[in-house]
Amino acid sequence: MLDARDIMDVRLKFLLYGILTTLFFLFAGLYFFQIVHTDKYIRLAYNNRLRLIRVSPPRGEIYDRSGLPLAVNETTFSIMGYPLDLDKPYMLSRISQVLSNHGIPVSDEELAKTVKRQRLAPYQVIRLVHNLTMVQMAELFADPEFPNQLFPLPVWRRVYPSGAIVANITGYVGEISENELKNAADSNYVGGDIIGKGGIERYHEEQLRGVPGEEAIEVNARGRKVRTIDSLSSKRGDDVLLTLDTGAQKKAMELLSDYRGSIVALDVNTGAVIVSASSPTYDNNPLAWGVSTKEWHEITDDEGKPMHDRAISGVYPPASTFKALVALAALEENIITPNMTFTCHGSIQLSNRVFRCWRRGGHGSLNLTGALQNSCDVYFYQVGMKMGIDRLLKWVKKFGVGAPTGVDLTGEASGNAAGPEWKKANRKENWYQGDTVNYSIGQGFLLLTPIQLARVYAAIANGGYLVTPHLSPSEFKEPVSIGVSKEKLAVVQRGLDYVVSRGTGSRAGRFGVQVAGKTGTAQNAHGLDHALFAGYAPANKPQYVAVAVVEAGEHGSSVASPMVGEILAHILSHPGEKDDS
Amino acid sequence: MIRFSSLKENLAALDKILLCGVLLLFFSGVACIYSAGSGSSQGGNYAYRQIFWFCVSLCAFMAALIVGYRKFMDFTYPIYFTALLLLGITILFAPSVKGAQRMISLGFIGFQPSEFGKIAIVLVMAKFLNRYPPLNLKTFMGGLLVGIPALLMVLKQPDLGSTLVYVAIILSALFVAGAPMKYLLSFMGLGLAICPMLWPFLKDYQKLRLLVFIDPMRDPLGAGYNVIQSRIAVGSGSFWGKGFMQGLQSKLRFLPEPHTDFIFSVYAEEFGFLGSSIILAVFGLVFTRMILTGMKSHEIRAKILVAGITVWIWFQTFEGIGMSMGLMPVTGLPLPFLSYGGSAILSISIALGLLGSIALESVKPYK
């Protein structure tokens, strides 16, 4: 018979078997995790502690012709903290208190929102406050009340010291967008990178950007750096020096301050852009620092379209400023001679349409220089009819109208050389002689950007060479000869000289330099006429060309010509420290 | 009581395999505590403290051995009431740490009555079931009722892990004492049936622990974080392990509570499948030798005592290692011999002292 003790021993044995079985289960579990699936967990462990950090290089800076900074980098600070620290009771109100003591008003509710928005993981760092200056940061960290769990993170910010004055040229930078990322797939960009969004910042992105570095770091569970495993140093971007004269640009912006319009000035021989002003403008600093949607809409919804660079993408009928080109073309095509005269009776009639001269009473008998000086429309109507649209168009295209000038900025417009083919394709109409008549005084379908017009006048001033406008000297291209004779060009130049010395553009000559140029008043279907003036100085040995286009300025002679005169005088009296000729 | 003159002779009679196994486990634990601590600013001081506790525990072991389990049996009821009293004090006065009251402070050290309660409940079960074998329903229920007060008090703290240890001790004592299987099975069936009804009484963190046990991704950065990180530590250990002091999961503090709850994860990461298997084998050896001690004893109460002690240590081992792989829910129970913790190591040493005295008594001829 079994004793109670024997039964107990049997049960003890069963207990032992049970225990050993459970240990075997644990063994099987270890086999499963450490042998069968170990690769997965090795990878997870590796990803746990490895962070690849992109080290953005300082961006190259932008300077004007005399070394004045137009776009520079400034160090600002963000205050960072870990969720584990921030979750401590009263932490946020304490931070809020310290910040307000130092003149940074942030409520603890705002902080709580910020933390909530950025909270992804307990070990992922959160940006509490940003855009602090070095001084603010130093003060905060010297305060014994400031929680020592928080730490500063230096951040490069783009600053544009001249702001709105050159915003259309420098452009601005911002975080790369999804589309830009897609388009730049092969250029080693990643989300969060800063990229040029317009102007020089965009056009010279490659040069300015530098080479980003990379740092592989080991982090602990809080995301704090333990050590650097590997690193690739970054390379600072190259600076870009511009031909722009900030002083003259500022002057141009002042002249345009009451208007919408543009002033462009080029070196006639090289095409270097000295001034490229567009009004109204905008401050590009907030854009580079990141604006709210509301602020962004305030800029983009502005009726004056401040971000529209009128200098290179505003298109206008050249109006009478175009007559200089027609005159040269007619001379070259031997349609007229310098001394051939036409008589102006105030208008001409073409079948049943009447084309008037701006001077109702007529100019009487005029030769070429007289016609330019008085801006006689009837003279050029007749020249245009004699020459015909095809020959006119040939010369218009020779002067680069209808194609971008190639200036190193983004968003340049082509303008429109128009002509019969264009009209057929776009308006489904034939070209009439009346169109040619209008065309010969720069009206109708013909459209130029201010910089294209400046380039046309640069060619007239420099002896017939088409320049490539550029802001960075590295973009200089050898001017291309249009193929005009010096004698014929001299006739046109004399005519332009008379415009200022004794004709419609006399207001351009009141600033102490000898200007030659041409006024223009472009009909505007949407309102008051646009005022234009294109001219160069000094008239006898041209160095700079300038164009002013004033939207709804009404009269080229009274509004636009003094602007050109003043800008040319300014440029000639304030020569840049670096000569670009 | 053993005469002091024969102490040397008696020590020679102890189960050396068992003792070696325990020492091996303990010093593996010290190494892991040292390794786990090296990642934090406190350095390895938990390891030094553990060695201090080892010295204290060694004295306690010797004391228990010398006093002998028979003397303990004589004073079982006073011991049990003292334990209940201490547990009561804990509930009433102990400060709440992470929502639970488990420690009472003795000025310089914290003290966990629930650990000593384990000794008390093992003793009381052995004594009671020896006197009233649970062969009929009345004595079976009596055996259950004896343990219930301690169990409820631990549950109240709340300390779910220790409660489960108490349940395991009570059931194993009844089982070994010869309770009919129909009673045991129906009691266990009843227990499982009322488990869902206990759900509303659980604290939120306890519910969360059970939920993340089922699906750690339910809260990967909160309650599930521990489970996921521990599993990564174990899994990335591979066959050979990363080597002593090379476990990055604990060094970089991805692993929470590396020196206590998750000590096995530290070990498994650094010593791999090979080292972990050895630890399991040593545990298996230790349990076998413990059960054998019980089988060799001629006393019923000694057998029950051995069963209780063995199941207590086994349960915490199974839970601790299972938890490191996410195979068991997180309870906060220390892994016997390996985890840092004064009360735990001390109470286990006393238990081993009692076990040793059983071994000594059984080799002695009857007087």
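These numbers come from a predicted model, not from an experiment.

(A) Structural detail: the packing of helix α7 (residues 137–156) of chain B against helix α9 (residues 181–198) of chain B. Residues and elements named next belong to chain B. In contact at an axis separation of 11 Å, α7 and α9 are set at 45 degrees when each is read in the N-to-C sense. Taken together, the axis directions place α7 and α9 in an arrangement best described as oblique. Between α7 and α9 the crossing geometry is right-handed. Residue-level contacts link Leu 137, Phe 140 and Leu 144 of α7 to Tyr 183, Leu 184 and Phe 187 of α9. In terms of residue class, the contact of α7 with α9 is built from 6 nonpolar, no polar and no charged.

(B) Molecular detail of the domain arrangement of chain A. Residue and element names in this part refer to chain A. When the domains of chain A are assigned, the result is domain 1 (4–51), domain 2 (56–239) and domain 3 (246–573). Each side of the interface is counted separately: domain 2 has 29 residues, and domain 3 has 27 residues. Contact with domain 3 buries area across many residues of domain 2, yet Ile 165, Asn 168 and Tyr 172 alone supply 27% of it, more than any other trio. Along the contact surface separating domain 2 from domain 3 lie 0 salt bridges. Linking domain 2 to domain 3 there are 10 residue pairs in polar contact (both at pLDDT 80 or more). Every element with two or more residues in the side of domain 2 that touches domain 3 is listed here: β3 (69–81), β5 (151–159), α7 (167–170) and α9 (199–203). Residues of the side of domain 2 that touches domain 3, tallied by class, amount to 13 nonpolar, 10 polar and 6 charged.

(C) Structural detail: the side chain of Gln 249 of chain B. Considering the arrangement of structural elements, one finds Gln 249 of chain B in helix α12 (residues 248–251). Given the relative accessible area of 2%, Gln 249 of chain B is considered buried. Among the polar contacts made by the side chain of Gln 249 of chain B, one reaches the side chain of Gln 229 of chain B at a distance of 2.9 Å. When neighbours within four sequence positions are excluded, Gln 249 of chain B is seen to be in contact with Ala 45 and Asn 48 of chain A together with Gln 229, Ile 232, Ala 233, Phe 254, Leu 255 and Glu 269 of chain B.

(D) Layout of the pairing of strand β21 (residues 544–550) of chain A. Residue and element names in this part refer to chain A. Of all 7 residues making up β21, 7 are buried, and the element is well covered by its neighbours. Residues Tyr 544, Ala 546, Ala 548 and Val 550 line one face of β21 and the alternating positions Val 545, Val 547 and Val 549 line the opposite face, and both faces are buried. Sheet analysis places strand β11 (residues 261–267) next to β21, joined by 7 bridges and oriented antiparallel. Across the sheet, residue Gly 261 finds its bridge partner in β21, namely Val 550. Across 7 bridges, strand β20 (residues 530–537) lies against β21 in antiparallel orientation. Counterpart to Phe 533 in the pairing with β21 is Ala 548. The hairpin formed by β20 and β21 contains 6 residues between the paired strands.

(E) Region of interest: the nonpolar core. Counting 121 residues, the largest nonpolar core has Leu 15 of chain A together with Leu 174, Phe 283, Phe 287, Met 290, Leu 305 and Phe 337 of chain B as the members making the most contacts within it. Membership of the second largest hydrophobic core comes to 99 residues, among which are Val 273, Leu 409, Ile 460 and Leu 471 of chain A.

(F) Structural view of the sheet that holds β11 of chain A. All names here are of chain A. If you walk across this open sheet you meet the 5 strands as β12-β11-β21-β20-β19, and the pairing is antiparallel. Each edge of the sheet is formed by a strand with only one pairing partner; in this case those strands are β12 (273–279) and β19 (516–522). Adjacent strand axes in the sheet meet at a mean angle of 5 degrees when their direction is disregarded. Against the sheet, helix α11 (residues 246–255) engages β11 and β12, with an angle of about 30 degrees to β12.

(G) The interface of chain A and chain B, seen in detail. Taken together, the contact pairs 38 residues of chain A with 54 residues of chain B. Across the chain A/chain B interface, buried area totals approximately 4000 Å², and carbon plus sulfur atoms make up 78% of it. Where chain A touches chain B, the interface holds 1 salt bridge. Residue Asp 9 of chain A pairs with Lys 303 of chain B through a salt bridge whose shortest N-O separation is 2.6 Å. Between the two partners, chain A and chain B, sit 10 residue pairs in polar contact (both at pLDDT 80 or more). The greatest single-element share of the side of chain A that touches chain B, amounting to 22 residues, is contributed by helix α1 (residues 4–36) of chain A. Considering only residue class, the side of chain A that touches chain B consists of 26 nonpolar, 6 polar and 6 charged.

(H) Fine view of the pairing of β20 of chain A. Residues and elements named next belong to chain A. Of all the 8 residues making up β20, 8 are buried; the element is thus mostly covered by neighbouring parts of the structure. Burial along β20 is two-sided: His 530, Leu 532, Ala 534 and Tyr 536 and Ala 531, Phe 533, Gly 535 and Ala 537, pointing in opposite directions, are all buried. Inspection of the sheet shows β19 paired to β20 by 7 bridges, in the antiparallel sense. Counted as the bridge partner of Thr 519 is Phe 533 from β20.

(I) Focus on unusual backbone geometry. Residue and element names in this part refer to chain A. Backbone torsion omega between Ser 279 and Pro 280 reads 0 degrees, so that peptide bond is classified as cis. With respect to the secondary-structure elements, Pro 280 resides in the loop between β12 and α12 (285–289). Following Ala 537, the chain continues to Pro 538 via a peptide bond in cis, the omega torsion being -10 degrees. Among the structural elements, Pro 538 can be located in the loop between β20 and β21. In this structure, Asn 334 is a non-glycine residue whose phi angle is positive, near 60 degrees. Relative to the elements of secondary structure, Asn 334 occurs in the loop between α15 (323–332) and β13 (342–344).

(J) The arrangement of the pattern of salt bridges in detail. All names here are of chain A. Taken as a whole and assessed by the stated rule, the structure comprises 22 salt bridges over all chains. Between Glu 566 and Lys 251 there is a salt bridge, with the nearest N and O atoms lying 3.3 Å from each other. Of this pair, Glu 566 sits in helix α23 (residues 556–573) while Lys 251 sits in helix α11, and the two are 315 residues apart along the sequence. Look at Glu 566 and you get partly exposed, because its relative accessible area is 22%. By relative accessible area, which is 23% here, Lys 251 ends up partly exposed.

(K) Molecular detail of the packing of aromatic side chains. Evaluation of the coordinates by the stated rule reveals 32 aromatic pairs over all chains. Between the aromatic rings of Phe 32 of chain A and Phe 33 of chain A, the centroid separation amounts to 5.1 Å while the plane-to-plane angle is 90 degrees, which identifies the pairing as edge-to-face. A residue is classified by how much of its surface remains accessible, and Phe 32 of chain A, at 40% relative accessible area, is partly exposed. When its relative accessible area of 5% is taken as the criterion, Phe 33 of chain A is described as buried. An aromatic cluster is defined as three or more aromatic residues linked by ring pairs; in this entry it consists of Phe 24, Phe 27 and Tyr 31 of chain A together with Phe 239, Trp 240 and Phe 273 of chain B.

Rules of the game
Residues numbered from 1 in each chain as written. Chains lettered and ligands numbered in written order. Predicted model: local features only at pLDDT ≥ 70, side-chain atom pairs only at ≥ 80, totals over all residues. Heavy atoms only, no water. Axes fitted to C-alpha atoms, helices over the stretch in contact; angles between N-to-C directions. Helix = DSSP H or I, 4+ residues; strand = E, 2+ residues; numbered from the N terminus. Parallel < 35°, antiparallel > 145°, perpendicular 65-115°, else oblique. Left-handed = near helix turned anticlockwise from the far one by under 90°. Contact = heavy atoms within 4.5 Å. Nonpolar A, V, L, I, M, F, W, Y, C, P; charged D, E, K, R; others polar. Domains from an automatic or database assignment. Buried area = accessible area lost by both parts, 1.4 Å probe. Salt bridge = Lys/Arg side-chain N within 4 Å of Asp/Glu carboxyl O. Polar contact = N/O pair within 3.5 Å; in protein donor to acceptor, adjacent residues only side chain to side chain. Buried < 20%, exposed > 50% of the residue type's maximum accessible area, 1.4 Å probe, protein only. Pairing = 2+ DSSP bridges. Core = buried A, V, L, I, M, F, W, Y, C linked by side-chain atoms within 4.5 Å. Phe/Tyr/Trp six-rings, centres within 6.5 Å; stacked < 30°, edge-to-face > 60°.

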